[in-house]
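Examination of the molecular architecture
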Amino acid sequence: MKFVANVKNLVTAILWATKNYDTKNSRSHVVLSVNEQGSGYFSHGNSNSYMKAEFNVSTIDLSTDGVTQVDLALEGTYLKSLANALVKSDGDVTVTKTSDTALIMKTNLGKFTVPLLDFRVSKVPELVELGEVDDTEFFDSLGRIAKLCDAKNSGATSFLGSVDLGLDAANNKLTLFATDRYALAQISLDFSPANSNDDDTLVESFTTEHILLPSASATVVPPTKGLNTSITLVGEKTHRGALRFGYSFPDGRLALFALTNATAFTHANKMRKAVESGVEYDITINTAALKNAIKVISDLSPAEYAVYLTVDKDGLSVSDANGSNILAVELEGLNYESDEPYTAKFSRTVINSAFHPVATTDVRLKWGTDSTAFIFEPVTENGDNVSNVFIMIALSQMN
């Protein structure tokens, strides 16, 4: 086997395939597949994920192999290190299989020998298409909301370490949900369901049940730079019956992730309605200004439950437990008519987590006299609320 490809395209494909490379498994490897039609891919699968990226070859010769397609198992740790070393390489790369144990790569930087492994190469997953979402909007929202998850302390409630994705084909909506017990957020996005003849039963497994994507997997893929288009959400049922969920890209990339096997949290909408029904007051404030004030007070106090927000007719102040450190914060809007100041007490960890899903310059805080939680509502430049984002954080009950 011998082929020539653009070195940058090859390196990009390798780095994608090895993004979640499992270095602890002695049988881990990267699959290199090329065919006589001039297309190829690198892939790597493990218990948590499957990553695959395609590339094109300019010339290929498989005459000595006597086949139309060659599939090889490559030593992944070395291959990933080599790809990082070749990032600045230009021109073409010539790849030649010289024996059953080695692959030679020649670039303008030099010649490199990649070890081949005598492993059985896994098949490409059989997928069902679920629908399309906007690349930038989806991955930006997914990355933000995943920061609310609490995988380290999830324990028996393992859904706390996962982002819950709900596909609502009837209303063309996808809802992302995450919580760490004390803060929760929902983000709704436009979703175009797939019109396909795929396995209806398998498609229903994803569209009627909760998709619990581990938070670590939810942050693997960032928004694609320079790609203003849609991606396809896909699903797979493995030979062991487990479900995997992921994304297929227009450029041939694929990412699949194992899902959390747990009962989902189903009371979010009920809690949201209860908190929203008790809202009486609100303030609008610059997001960065509020974050900075909370950070300053948090840094000055050793106590975890040490952030107090006090609102009166004059505005907002942020302070610590005994009031020895107080910062006044200028407001963009104030809806509070009571003669008595209102003070809310928060865990600094919880209140800081509320900002993760906020992507706007201003944020509106909403509450009521008897509230046990605050609503953080992103606000547009025109003062309108961002209706597809909901954030709620619990007040601290600790003394």
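Attention now goes to the environment of Gly66. Locating Gly66 in the fold gives a position in the loop between strand 4 (49-61) and strand 5 (69-74). Considered as a pair, Gly66 and Met1 are 65 residues apart in the sequence and their alpha carbons are 9.5 Å apart.

Turning to the packing of helix 1 (residues 7-17) against helix 2 (residues 76-85), a few remarks are in order. The N-to-C vectors of helix 1 and helix 2 enclose an angle of 135°; their axes lie 9 Å apart at closest approach. One element, helix 1, and the other, helix 2, form an angle in the oblique class. The hand of the helix 1/helix 2 crossing is left-handed. Contacts between helix 1 and helix 2 pair Val11, Ile14 and Leu15 from the former with Leu79, Lys80, Ala83 and Asn84 from the latter. A class-by-class count of the residues in the contact of helix 1 with helix 2 yields five nonpolar, one polar and one charged.

For the rest of this paragraph, the subject is the sheet that holds strand 26 (residues 389-394). Strands sit in the order 14-10-11-12-26-25-24-18-22 across an open sheet of nine strands; the sheet is antiparallel. A single partner strand is all that each edge strand has here, and the edge strands are strand 14 (211-214) and strand 22 (331-335). Averaged over neighbouring strand pairs, the angle between their axes works out to 20° when direction is ignored.

Per the stated rule, a full pass over the model turns up 19 aromatic pairs. With a centroid separation of 4.9 Å and an interplanar angle of 90°, the aromatic rings of Phe139 and Tyr247 are classed as edge-to-face. Residue Phe139 is found in helix 3 (residues 135-146), and its partner Tyr247 is found in strand 16 (residues 243-248); the two are separated by 108 residues along the sequence. The residues Phe139 and Tyr247 share a single accessibility class, namely buried. These aromatic residues form a ring-pair network of at least three members: Trp16, Phe138, Phe139, Phe245, Tyr247, Phe249 and Phe257.

Attention now goes to the side chain of Ser215. Mapped onto the fold, Ser215 is located in helix 5 (residues 215-218). Look at Ser215 and you get buried, because its relative accessible area is 15%. Among residues more than four places away in sequence, those in contact with Ser215 are Ala146, Cys149, Ala151, Gly161 and Ser162.

A separate point is helix 3. Under the 1.5 Å per step criterion, the end-to-end length of helix 3 is 16 Å for twelve residues, consistent within 8% with the ideal 16 Å. Buried residues of helix 3: Asp135, Phe138, Phe139, Ser141, Leu142, Gly143, Ile145 and Ala146, and no others. Sitting at the head of helix 3, Asp134 places a side-chain oxygen 3.3 Å from the backbone nitrogen of Thr136.

About the thresholds
Residues numbered from 1 in each chain as written. Predicted model: local features only at pLDDT ≥ 70, side-chain atom pairs only at ≥ 80, totals over all residues. Heavy atoms only, no water. Helix = DSSP H or I, 4+ residues; strand = E, 2+ residues; numbered from the N terminus. Axes fitted to C-alpha atoms, helices over the stretch in contact; angles between N-to-C directions. Parallel < 35°, antiparallel > 145°, perpendicular 65-115°, else oblique. Left-handed = near helix turned anticlockwise from the far one by under 90°. Contact = heavy atoms within 4.5 Å. Nonpolar A, V, L, I, M, F, W, Y, C, P; charged D, E, K, R; others polar. Pairing = 2+ DSSP bridges. Phe/Tyr/Trp six-rings, centres within 6.5 Å; stacked < 30°, edge-to-face > 60°. Buried < 20%, exposed > 50% of the residue type's maximum accessible area, 1.4 Å probe, protein only. Expected span 1.5 Å × (residues − 1). Polar contact = N/O pair within 3.5 Å; in protein donor to acceptor, adjacent residues only side chain to side chain.

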